[in-house]
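For reference, the chains in residue letters:
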Amino acid sequence: MSINATLIGQMITFTLLVWFTMKYIWPPLIGAIEERKAKIAEGLAAAEKGQEDMERAAKKAANVLREAKQQSADIVNLAQKRANEIVEESKGTAKQEGARMIEAAQAQIEQEMQRAQEQMRKEVSALALKAAGQILQQEIDKAKHKELLGKVSEQLGQV
Amino acid sequence: MASEEHAAEGATGYIVHHLTPLSVGEGFWTLHLDTLFFSAVLGVLFIWFFKVAAEKATVGVPGTTQAFVEMMIEFVDQQVKDTFHGRSALIAPLGLTIFVWVFLWNFMDLFPVDILPAVAGMMGMEYMRVVPSTDLNATFALSISVFILIIFYSIKIKGVLGFAKELTCTPFGPWMMPFNLLLKLVEEIAKPISLALRLFGNLYAGELIFILIALLPWYIQPLLSFPWAIFHILIITLQAFIFMVLTIVYLSMAHEDH
């Protein structure tokens, strides 16, 4: 159990081992570990950020959707209103048109009636003249009684 | 087992035989070949395993080997970070080397006590003591190396004067100088001695108990050696851990400027 030169040999071995570990083993491994740690931290941060972004996007989408719904409802309302207006308008127009047409028809009827009366008056006066002529063939001088005949035909026309 | 072979020498002879190193040379220049050989082989094993892992190390998903090696590295790194509040390129790799190397030394304890000596006997070697930590030379080689580092860093960080001042003027001030110096010298020298003897004592005693168990009749041996081996898995890890942690603590003390 004596201390001897083995001690020196062991110290040399130990020194070599420590040197080798320090130079070739520790740095790459601790480097890989640190780098991976950084990467994982980065990834976690990115994931968190992504989740936040997603939440924000979802909120935004909901807002947009709500707005769009509101807008479409507005549009539908407006369209309905407009349609009602159009219907009312056309109803009015139609009424007016109808009235005008009735009026025109009445005017025409009036006209026709007047023309028929005129015609009838002329025919009646001619017929009357003819009849009177035939009855009074000899006595009535067309020239002498022209004034009287004209008066009669005028009276007939007023009937 | 082998007790019959040594029947002539008796139980004492068997034990002594197992604890005698294979040595060459005379006096101080004696070399314990078994200690040198096994510690070198284990050192190379450690270096090789970790070097392969380091070469294949990726930042991505680690393989089994890399995960294991990284676990060790992080474990040691955590110990260093907890204790040592500075930056040093040496202390963490030193701690790793000590932890793994001492663990592997101690692990040799778990080989059945007669197997490797029997193999060596077949190769014509009379003595074979396979656990390097049962050799005081091995444990002192570690602790003295650590001691040299303690002195080196004390002088490097505090300067020669600063270190001298710490040795002479603490803890009781300059008027108690000789007493302070005595106290400090004992404190400093106790570090390598306690480191070396703690490891040696634990493993020597453990090995001794394995040898004693091997002397019992064969049908009792498993009953005793099995629980003792399981218990020893704790001991060998713990001793390697203690050696590493104390080294880190001592070196961080050397770095602290009072």
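Conventions used here
- Residues numbered from 1 in each chain as written.
- Chains lettered and ligands numbered in written order.
- Predicted model: local features only at pLDDT ≥ 70, side-chain atom pairs only at ≥ 80, totals over all residues.
- Heavy atoms only, no water.
- Helix = DSSP H or I, 4+ residues; strand = E, 2+ residues; numbered from the N terminus.
- Rg over C-alpha atoms; globule rule 2.2 N^0.38 Å.
- Buried < 20%, exposed > 50% of the residue type's maximum accessible area, 1.4 Å probe, protein only.
- Areas by Shrake-Rupley, 256 points an atom, 1.4 Å probe, with all protein chains shown as cover.
- Lys, Arg positive; Asp, Glu negative; His and termini not counted.
- Charge placed at Lys NZ, Arg CZ, Asp CG, Glu CD.
- Contact = heavy atoms within 4.5 Å.
- Buried area = accessible area lost by both parts, 1.4 Å probe.
- Salt bridge = Lys/Arg side-chain N within 4 Å of Asp/Glu carboxyl O.
- Polar contact = N/O pair within 3.5 Å; in protein donor to acceptor, adjacent residues only side chain to side chain.
- Core = buried A, V, L, I, M, F, W, Y, C linked by side-chain atoms within 4.5 Å.
- pLDDT = per-residue confidence, 0-100.
- Phe/Tyr/Trp six-rings, centres within 6.5 Å; stacked < 30°, edge-to-face > 60°.
- Expected span 1.5 Å × (residues − 1).
- Axes fitted to C-alpha atoms, helices over the stretch in contact; angles between N-to-C directions.
- Parallel < 35°, antiparallel > 145°, perpendicular 65-115°, else oblique.
- Nonpolar A, V, L, I, M, F, W, Y, C, P; charged D, E, K, R; others polar.

**Some thoughts on the overall build of chain A**
Part 1 of the reasoning: Regarding its fold elements, chain A presents two helices and zero strands.
Part 2 of the reasoning: For chain A, whose C-alpha radius of gyration is 61 Å, the value lies well above the compact-globule estimate of 15 Å for 159 residues.
Part 3 of the reasoning: Dimensions along the principal axes, computed over C-alpha positions, put chain A at roughly 195 × 20 × 20 Å.
Part 4 of the reasoning: Looking at chain A residue by residue over its 159 residues, the buried ones come to 13%.
Part 5 of the reasoning: With the model as given, the accessible surface of chain A reaches about 13,100 Å², and the carbon-plus-sulfur share is 60%.
Part 6 of the reasoning: Looking at charge distribution, chain A has the averaged site of its 23 positive side-chain charges lying 4 Å from that of its 22 negative ones.

**Some remarks on the overall build of chain B**
Part 1 of the reasoning: From N to C terminus, chain B includes eight helices and two strands.
Part 2 of the reasoning: Mapped from its N terminus to its C terminus, chain B presents α and β elements in the order α-β-β-α-α-α-α-α-α-α.
Part 3 of the reasoning: Dimensions of chain B, computed from C-alpha atoms along their principal axes, come out at roughly 65 × 55 × 35 Å.
Part 4 of the reasoning: Looking at chain B as a whole, 46% of its 258 residues are labelled buried.

**So, the interface of chain B and chain A**
Part 1 of the reasoning: Across the boundary between the two partners, chain B contributes 54 residues, which contact 31 residues of chain A.
Part 2 of the reasoning: Between chain B and chain A the total buried area reaches about 3,600 Å² when both faces are included, carbon and sulfur atoms providing 76% of it.
Part 3 of the reasoning: Taken together, the connections running from chain B to chain A amount to three salt bridges.
Part 4 of the reasoning: Our count for the contact surface shared by chain B and chain A stands at twelve residue pairs in polar contact (both at pLDDT 80 or more).
Part 5 of the reasoning: Those elements that provide at least two residues to the side of chain B that touches chain A are strand E2 (31-32), helix H2 (33-55), helix H3 (64-83), helix H4 (91-107), helix H6 (136-169) and helix H7 (177-215) of chain B.
Part 6 of the reasoning: Among the elements that take part in the side of chain B that touches chain A, H2 of chain B stands out by supplying eleven residues, more than any other.

**Considerations on the nonpolar core**
All names here are of chain B.
Part 1 of the reasoning: By size, the foremost hydrophobic cluster in this structure holds 57 residues, and its most contacted members are Phe50, Ile73, Leu94, Leu96, Ile98, Val100 and Trp105.
Part 2 of the reasoning: When residues in this core are grouped by element, the largest group, eleven residues, is from H4.
Part 3 of the reasoning: The contact partners of Val100, leaving out residues within four places of it in the chain, are Phe46, Phe50 and Met72.
Part 4 of the reasoning: Among the nonpolar cores identified, the runner-up in size contains nine residues, and Tyr14, Ile15, Leu19 and Ile211 belong to it.

**Notes on the confidence of the model for chain B**
Detail in the predicted coordinates should be disregarded across regions flagged by low pLDDT.
All names here are of chain B.
Part 1 of the reasoning: Residues of chain B with pLDDT of at least 70 account for 96%, and the chain-wide mean is 88.
Part 2 of the reasoning: The secondary structure element of chain B with the lowest average pLDDT is helix H1 (residues 10-19), at 84, and the one with the highest is H4, at 94.
Part 3 of the reasoning: Across residues 1-8 the pLDDT falls below 50, and counting only partners more than four positions away or on other chains, this stretch makes eight contacts in the model.
Part 4 of the reasoning: Model confidence for the complex: the whole-complex pTM is 0.74, and ipTM, which rates the interface, is 0.87.

**Structural notes on the packing of aromatic side chains**
Part 1 of the reasoning: Tallied over the entire structure, the rule returns 20 aromatic pairs over all chains.
Part 2 of the reasoning: Through pairs of rings, three or more aromatic residues link up here, namely Phe46, Phe49, Phe50 and Phe68 of chain B.

**Structural notes on H2 of chain B**
Part 1 of the reasoning: Here H2 of chain B is 23 residues long and its end C-alpha atoms lie 32 Å apart, about the 33 Å a rise of 1.5 Å per residue gives.
Part 2 of the reasoning: Here H2 of chain B has its buried residues at Asp34, Thr35, Leu36, Phe38, Ser39, Leu42, Gly43, Phe46, Ile47, Phe50, Ala53 and Ala54 of chain B.
Part 3 of the reasoning: Those residues of H2 of chain B hidden inside the fold are in contact with helix H1 (6-135) of chain A together with E2, H3, H4, helix H5 (115-122) and H6 of chain B.

**Regarding the packing of H7 of chain B against helix H8 (residues 221-255) of chain B**
Residue and element names in this part refer to chain B.
Part 1 of the reasoning: Closest axis-to-axis distance for the H7/H8 pair is 10 Å, and the angle between their directions is 170°. Comparing their axes, H8 and H7 come out roughly antiparallel.
Part 2 of the reasoning: Residues of the contact of H7 with H8, tallied by class, amount to 17 nonpolar, eight polar and three charged.

**A few points about the pattern of salt bridges**
Part 1 of the reasoning: Considering all chains together, one arrives at 16 salt bridges over all chains under this definition.
Part 2 of the reasoning: We note a salt bridge from Glu34 of chain A to Lys81 of chain B, for which the minimum N-O separation is 4.0 Å. Of this pair, Glu34 of chain A sits in helix H1 while Lys81 of chain B sits in helix H3, which puts the two residues in different chains.
Part 3 of the reasoning: Accessibility expressed as a relative area gives 35% for Glu34 of chain A, which makes it partly exposed.
Part 4 of the reasoning: Judged by its relative accessible area of 45%, Lys81 of chain B falls in the partly exposed class.
Part 5 of the reasoning: The salt bridge partner of Arg100 of chain A is Glu97 of chain A, with a shortest N-O separation of 3.1 Å. One end of the pair, Arg100 of chain A, and the other, Glu97 of chain A, are both in helix H1, three residues apart, so they sit about a helical turn from each other.
Part 6 of the reasoning: Overlapping salt bridges, with partners in common, bring together Lys158, Glu166, Lys184 and Glu187 of chain B in one network.

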